[in-house]
Amino acid sequence: MKIVCAETVLLGHEAFSNAGKTEVIPDREITREHLLDADALIIRSKTKATAELLHDTPVKFVGTATAGTDHIDAGWLQKRGIYWCAAPGCNANSVSEYLVAALLTLSRRHGFDLAGKTIGVIGCGNVGSRVVKKFHALGLDVLRNDPPLAAVSPDPDFMPLGAVLPECDIVSLHVPLVKHKPWPTERMADYTFFEQLKPGAIFVNAARGDACDYDALLDAQAGGAVSRMVLDVWTPEPAFRSDVLKRADLASPHIAGHSYEGKLNGTVACYDELCNFFEIRKTWNVASSLPVAEVPTLEIDCAHRDDEEVLHKIVQQVYDIETDDRLIREAAVQGEIERARNFDALRKNYRTRREFHNTEVALPNASAGLQRKVAAMGFKRREA
Ligand SMILES: NC(=O)C1=CN([C@@H]2O[C@H](COP(=O)(O)OP(=O)(O)OC[C@H]3O[C@@H](n4cnc5c(N)ncnc54)[C@H](O)[C@@H]3O)[C@@H](O)[C@H]2O)C=CC1
Ligand SMILES: O=C(O)C(=O)[C@H](O)COP(=O)(O)O
C-alpha cells in the first residue's frame, strides 16, 4: 500500500509508515502525478482534495488532520466512492487556549477586566463550546449563537445573531466556512453584522478568513463599531493583507489550533481511521512521541494581585501569544509572494506549544475562586 502524506502532518512519516510505504511531500506541491499509484492521501488544509487532484487515481482514502473541511470537495469524493475523514475537535482545546491568551493580553494591555464583560460566541461546536466554558468560568456573561445546533437542540439559551450582537463587548467567530443556505457563514461578518454590534466591541476571528469581510471590518473599526481586533485567519492565505494586520491589536498566522496536541490529535485521528478502513493492525505507539513540556511547573505568589493579573502571568509563561504577533508583523514584507512564503514558513516551523494541562501551577495565597479559574483554564494544581 502507498500513502502520500503532506509534509505538515505532524509525525506523518512516523505514523503512516506503520501502515504502508509513505511518501512525504510539501503540502502545496502534491500533484495528481504523485497519486497515480497511491491508495491513500493524508493532508492538512493547504492541500485541496478536489477532482483536479484526484481524478483517475487509485486513491480510496483521504484523511485531513484538521477540524475544518472546506478544502475537501466532499460531494465529488462521495460520488467517486472515495472515503474521506477529518479530525473533528482535534484542536478545539488549542483554539480555546488561544482565545484565553489573546483576551487576557488585551485586557492587561488596555487596563480593563474581562470579568463582567459579555462575550458572544458564534458557532458553539467543538471549539465554541470550550470557549463558552472557559469564559463563563472567568466571570463573563456568555451569549451563544448557533442556528444549526439550535434547530436540533432542546437548549433554549441559543440566541439569534441579531439579538447577540448588540449586547457583546467581545464577539468571536467559531463557525466552519459554509457557502450554502440555510446557514451560510461566508462573509457572515459583513457591513450589516458590524452595524448591529455594540459600539466599541472587540472582534475575534480564529475560524476562517472568508467568514469575514475585512473591508467591512476596517470600516467598522474606523467608525468605532469595533475597538480592537484579534485575527488568526486571513483572506487570502497564505498572502495576507498588511493593511488589516496594521490595524489588528493581536495577529497570528493561522496557528490558533497549532498546539502540539492539536496537531498530533489530527494525525492520530487519520491514522486510526486509515487502519480501520484498510483493516490494518494499529502498531504506532503515539505515547512515545510526546515531547516534554517546556513549562512543567509554575509558582506565583497571589498576595496583593488580582485574579486576571495572576491568570495572565500564568498563561503568558506557557503560551506567549505576543511572540506570534511579533513574528507575523516581521513577516509582513512588501511583495505578495514573499509575504505568502513567510506566512507558510511561520506555520511550518511553529514552535512546540504544549497545552495548559501539561503545566502544574502552585498558587500560594490564592483564593478558592482564583484556584477554580486556573483549573477551569486547564492547568493542573500543585501544592505550594
Ligand atoms: N484557526 C485555527 O487554527 C482553527 C480554525 N478552525 C475553524 O473553526 C471552525 C469551527 O471548528 P469546530 O468548533 O471544531 O467545528 P464544529 O463543526 O465542531 O463546530 C462548528 C459549529 O458552528 C455551527 N455553525 C455552522 N453554521 C453556523 C452559522 N451560520 N452561524 C452560527 N453557527 C454556525 C455548527 O452548527 C457547529 O456547532 C472549523 O470549521 C475551522 O474552520 C478550527 C480549528 C483550528
Ligand atoms: O483544523 C483546522 O481547521 C485548522 O484551521 C488548523 O488548525 C490549521 O490547519 P492547517 O492549515 O495547519 O492545515
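Procedures and definitions
- Each chain has its residues counted from 1, following the order in which its sequence is written.
- Chains carry letters from A onward and ligands carry numbers from 1 onward, assigned in written order.
- Thresholds applied to this predicted model are a pLDDT of at least 70 for local features of residues and 80 or more for the giving and counting of side-chain atom pairs; totals over whole chains, interfaces and linings are not thresholded and use all residues.
- Side-chain descriptors were evaluated using all non-hydrogen atoms of the structure, hydrogens and water having been removed beforehand.
- UniProt positions are given in the numbering used here, feature names are shortened, and annotations may be inferred rather than shown by experiment.
- The split into domains, and so the bounds of each, comes from an automatic or database assignment of domains.
- By the convention used here, residues are in contact when the closest approach between their heavy atoms is within 4.5 Å.
- Every case where a carboxyl oxygen of Asp or Glu lies within 4 Å of a side-chain nitrogen of Lys or Arg is listed as a salt bridge.
- Here a polar contact means two N or O atoms within 3.5 Å. Within protein one must be a hydrogen donor candidate and the other an acceptor candidate, and residues neighboring in sequence count only if both atoms are side-chain atoms.
- Each helix is a run of DSSP H or I of at least 4 residues and each strand a run of E of at least 2, with the numbering of both proceeding from the N terminus.
- For two strands to be treated as a pair, DSSP must find at least two bridges joining them.
- We call a residue near a molecule or strand as soon as one heavy atom of that residue lies within 4 Å of the molecule or strand.
- Amino acid classes used here: Ala, Val, Leu, Ile, Met, Phe, Trp, Tyr, Cys and Pro are nonpolar; Asp, Glu, Lys and Arg are charged; the rest, including Gly, are polar.
- Only protein chains enter the accessibility calculation, which uses a 1.4 Å probe; a residue is then buried when its area is under 20% of its type maximum, exposed when over 50%, and partly exposed in between.
- We call a crossover right-handed when, viewed with the strands running away from us, the connection from the first strand over the helix to the second turns clockwise.

Looking at an unreviewed UniProt entry, the protein chain carries the name Erythronate-4-phosphate dehydrogenase, with the source organism given as Pontiella desulfatans. UniProt's Sequence similarities (unreviewed entry) comment on the protein chain is quoted here verbatim: "Belongs to the D-isomer specific 2-hydroxyacid dehydrogenase family."

Parsing the protein chain into structural domains produces domain 1 (2-86 + 258-284), domain 2 (92-251) and domain 3 (297-381). Placing the centre of domain 2 and that of domain 3 at their C-alpha centroids yields a distance of 20 Å. Every contact between the two is made by 31 residues of domain 2 and, on the other side, 27 residues of domain 3. On the surface where domain 2 and domain 3 come into contact, there are two salt bridges. Its salt-bridge partner being arginine 109, residue glutamate 322 comes within 2.9 Å of it at the nearest N-O pair. For the interface between domain 2 and domain 3, the tally reads 10 residue pairs in polar contact (both at pLDDT 80 or more). Among the secondary structure elements, those contributing two or more residues to the side of domain 2 that touches domain 3 are α4 (92-110), α5 (126-137), α10 (242-247) and β11 (250-251).

Here we come to the environment of phenylalanine 112. By secondary structure assignment, the location of phenylalanine 112 is in the loop between α4 and β6 (118-122). Placed 67 residues apart in sequence, phenylalanine 112 and serine 45 show a C-alpha to C-alpha distance of 36 Å. Residues contacting phenylalanine 112, with those up to four places away along its chain left out, are Leu106, Ser107, Lys117, Ile202 and Glu308.

What follows is about the UniProt feature "domain: D-isomer specific 2-hydroxyacid dehydrogenase NAD-binding" (unreviewed entry) in the protein chain. With numbering aligned to this structure, UniProt lists the feature "domain: D-isomer specific 2-hydroxyacid dehydrogenase NAD-binding" (unreviewed entry) at residues 108-256. Secondary structure across residues 108-256 comprises 32% helix and 18% strand; the distance between its end C-alpha atoms is 20 Å.

Spatially, β12-β13-β14 is the arrangement adopted by the three strands of the open sheet, whose pairing is parallel. What marks the edges here is a single partner per strand, and that holds for β12 (297-299) and β14 (380-381).

Next up on the list: the site of ligand 1. Around ligand 1, the surrounding shell holds 28 residues, and the nearest of these are Asn126, Val127, Asp146, Asp232 and Gly257. Take aspartate 146: an N or O atom from its side chain is 2.6 Å from an oxygen atom of ligand 1. Take tryptophan 183: an N or O atom from its main chain is 3.2 Å from a nitrogen atom of ligand 1. Elements represented by at least two residues in the shell around ligand 1 include exactly α5 and α6 (147-152). Take the shell around ligand 1: its biggest share by element is three residues, from α6.

In this section: the site of ligand 2. Inspection of the region around ligand 2 gives Arg44, Ser45, Thr66, Ala67, Gly68, Asn91, Arg208, His254, Gly257, His258 and Arg347 as its neighbouring residues. Measuring from an oxygen atom of ligand 2, one finds a side-chain N or O atom of arginine 44 at 3.1 Å. Here an oxygen atom of ligand 2 and a side-chain polar atom of histidine 254 are 2.7 Å apart. Of the residues assigned to the shell around ligand 2, the class counts are one nonpolar, seven polar and three charged.

Next up on the list: unusual backbone geometry. Each neighbour pair has its own omega, and for threonine 235 with proline 236 the value is 5 degrees, a cis peptide bond. Positionally, proline 236 belongs in the loop between β10 (226-231) and α10. The omega angle of the peptide bond from glutamate 237 to proline 238 is 5 degrees, so this bond is cis rather than trans. Inspection of the secondary structure assignment puts proline 238 in the loop between β10 and α10.

Looking now at the UniProt feature "domain: Erythronate-4-phosphate dehydrogenase dimerisation" (unreviewed entry) in the protein chain. Residues annotated in UniProt with the feature "domain: Erythronate-4-phosphate dehydrogenase dimerisation" (unreviewed entry) correspond here to residues 290-367. For residues 290-367, the helix share is 46%, the strand share is 8%, and the end-to-end C-alpha distance is 33 Å.

Quick look at the environment of histidine 136 now. Looking at the element boundaries, histidine 136 is found in helix α5. The exposure class of histidine 136 is exposed, given its relative accessible area of 56%.

A separate point is the pairing of strand β9 (residues 201-205). Of all five residues in β9, five are buried; the element is thus mostly enclosed. Side-chain alternation along β9 places Ala201, Phe203 and Asn205 on one buried face and Ile202 and Val204 on a second face that is also buried. Relative to β9, strand β8 (residues 170-173) runs parallel, the two sharing four bridges. In the strand pairing of β9, valine 171 is matched with phenylalanine 203. Handedness of the β-α-β unit built from β8, helix α8 (residues 191-196) and β9 comes out right-handed. Looking at chain direction, β9 and β10 are connected through five bridges and run parallel. In the sheet register, valine 204 faces β10, and the bridge partner there is valine 230. Taken together, β9, helix α9 (residues 214-223) and β10 constitute a β-α-β crossover, and its handedness is right-handed.

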